[in-house]
Amino acid sequence: MKMVRVFLEIMRPGNCLMAGIAALIGLMVADSGPLPVTAALVFIAVFAVTGAGNAVNDYFDREIDAVNRPGRPIPSKRISPERAFAWSILLFLLGSAVALLINPVAFAIAVANSILLYLYARNLKVTPFFGNLAVGYLTGSTFLFGGAAGGDVGITLFLFLLATLATLAREVEKDIEDVPGDRASGARTLPIVIGERRASHLAASFVLIAILLSYLAPLGRAYLAAVTVADLLFLAALASILRGEAPRAQKMLKAGMAAALVAFMVAAASGMGLL
Ligand SMILES: CC(C)=CCC/C(C)=C/CC/C(C)=C/CC/C(C)=C/COC[C@H](O)COP(=O)(O)O
Ligand SMILES: CC(C)=CCC/C(C)=C/CC/C(C)=C/CC/C(C)=C/COP(=O)(O)OP(=O)(O)O
Ligand SMILES: [Mg+2]
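Please read all numbers here as calculations on a predicted model, not as lab measurements. Residue positions are counted from 1 within each chain, in the order its sequence is given. Chains carry letters and ligands carry numbers; both start at the beginning, A for chains and 1 for ligands, and go up in the order they are written. Since the coordinates come from a predicted model, pLDDT governs what is reported: local features require at least 70, and pairs of side-chain atoms require 80 or more to be given and counted, while whole-chain, interface and lining totals use all residues.

(A) Geometry of the site of ligand 1. Around ligand 1 sit 22 residues in total, of which Ala22, Ala163, Ala166, Ala210 and Ala260 are the nearest. Residue assignment for the shell around ligand 1 shows that the elements contributing at least two residues are α2 (13-30), α7 (130-149), α8 (156-177), α11 (196-214), α12 (221-242) and α13 (246-271). What marks off one domain from the next here is an automatic or database domain assignment. The residues that make up the shell around ligand 1 include at least three from each of domain 1 (1-153) and domain 2 (155-275). Each residue receives a C-beta atom built from its backbone; the residue is near a molecule or strand if that atom lies within 6 Å of it. Only DSSP runs of H or I reaching four residues or more are called helices, and only runs of E reaching two or more are called strands; each is numbered from the N terminus.

(B) Summary view of the environment of Ala134. Along the chain, Ala134 falls in helix α7. We call two residues in contact when the distance between their C-beta atoms, placed using the backbone, is within 7 Å. If near-sequence neighbours (up to four positions away) are discounted, Ala134 is found in contact with Leu116, Tyr120 and Leu124.

(C) Geometry of α7. Multiplying 1.5 Å by the helix residue count minus one yields the expected span of that helix. End to end, α7 covers 27 Å across 20 residues, agreeing with the expected 28 Å (1.5 Å per residue, within 8%). Along α7, the largest kink reaches about 35° and is centred on Ser141. For every residue, the other C-beta atoms within 10 Å of its own C-beta are counted; 20 or more classify it as buried, 12 or fewer as exposed, and values in between as partly exposed. C-beta atoms are placed from the backbone. When you tally the buried positions in α7, you get 17 out of 20 residues, the bulk of the element. Looking one or two residues beyond α7, the residue adopting positive phi is Gly151, at roughly 85°. Bend, at a single residue, is the angle you get between axes fitted to the 7 residues ending at that residue and the 7 residues starting at it.

(D) Structural detail: the site of ligand 2. The environment of ligand 2 is made up of 22 residues, and the closest members are Ala19, Gly53, Asn57, Leu138 and Phe145. Residue contributions to the shell around ligand 2 peak at 7 residues, all from helix α3 (residues 36-60). For the shell around ligand 2, the per-class residue count stands at 11 nonpolar, 9 polar and 2 charged. All amino acids are sorted into three groups, where Ala, Val, Leu, Ile, Met, Phe, Trp, Tyr, Cys and Pro are nonpolar, Asp, Glu, Lys and Arg are charged, and the leftover types, Gly among them, are polar.

(E) Structural detail: the environment of Pro13. Structurally, Pro13 can be placed in helix α2. Taking the number of C-beta atoms within 10 Å as the measure of exposure, Pro13 has 15 and is therefore partly exposed. When the C-alpha positions of Pro13 and Gly51 are compared, they lie 7.0 Å apart, and in sequence the two are 38 residues distant.

(F) Spotlight on α11. Helix length check: α11, at 19 residues, gives a terminal C-alpha distance of 27 Å against a target of 27 Å (1.5 Å per residue), a fit within 8%. As for α11, its buried residues are in contact with α8, α10 (190-194) and α12.

In structure tokens form, the structure reads like this:
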């Protein structure tokens, strides 16, 4: 049982769940009456590919995590690097195969994201800003994947933009938080290259633009009420960013992202005539 649990733990199931929900929102925004089997395939594909990305990330990060996060599955020796790597490849293949059952566009996104997640973990992560850009695109792509499965990427492009901006801000704040360890290991992250102050101002601008754009969505009054909760959390995160409190800012940004998913679920439900 412990072995099964560590295979799930290395996937970071909380992130996989958020990503799967985002993809379902994209599906419901694109198609107000999706078939249950399509919804199941969308959720499974995104859950598997996201989990693969997290597992392969821990495989390539095992030396850094042994210092910064020794409790994680590989540095704590609860799973071998080889098994973690094999598990990630299996999940990439499973997620892409399930996406193939949906339609060719969904399959193309799943394969492209799988390759990008692998390259991020192996190389891209340590390149200034491009690593952040990759994670920002990948997070936003969950909505595009759901929209593609529903046959209309349309408005999911707007959700893609919001999610990418919020994730970019959070990734920059996580890099500011990690500057001591990254500097010691020679990683050239954005705050190390342009300075923490400029990097935090960039993160703040991403959050501000995302908040302003979130009110432009033609998604109904119930959505506006729900997204206000998310935007209040993003405003709190903005205050933390400007005060130089990166650890608090990145946690507040994740809370805002979760609240924003609820707001998008409200929009999808009202679009389906459920509200
Ligand atoms: C202003 C506004 C309404 C913005 C929209 C925010 C939104 C809906 C974001 C999308 C949330 C989402 C699809 C999350 C998927 C999973 C996830 C948390 C991805 C980004 O995190 C990657 C990160 O590097 C994981 O690190 P950690 O959380 O520390 O394990
Ligand atoms: C739409 C499809 C088919 C897949 C989407 C795939 C998704 C949602 C990816 C979301 C972003 C994500 C979870 C990326 C995984 C890579 C990752 C764990 C980045 C963070 O890693 P590090 O920068 O090493 O920081 P930590 O490991 O300390 O969190
Ligand atoms: Mg990592």
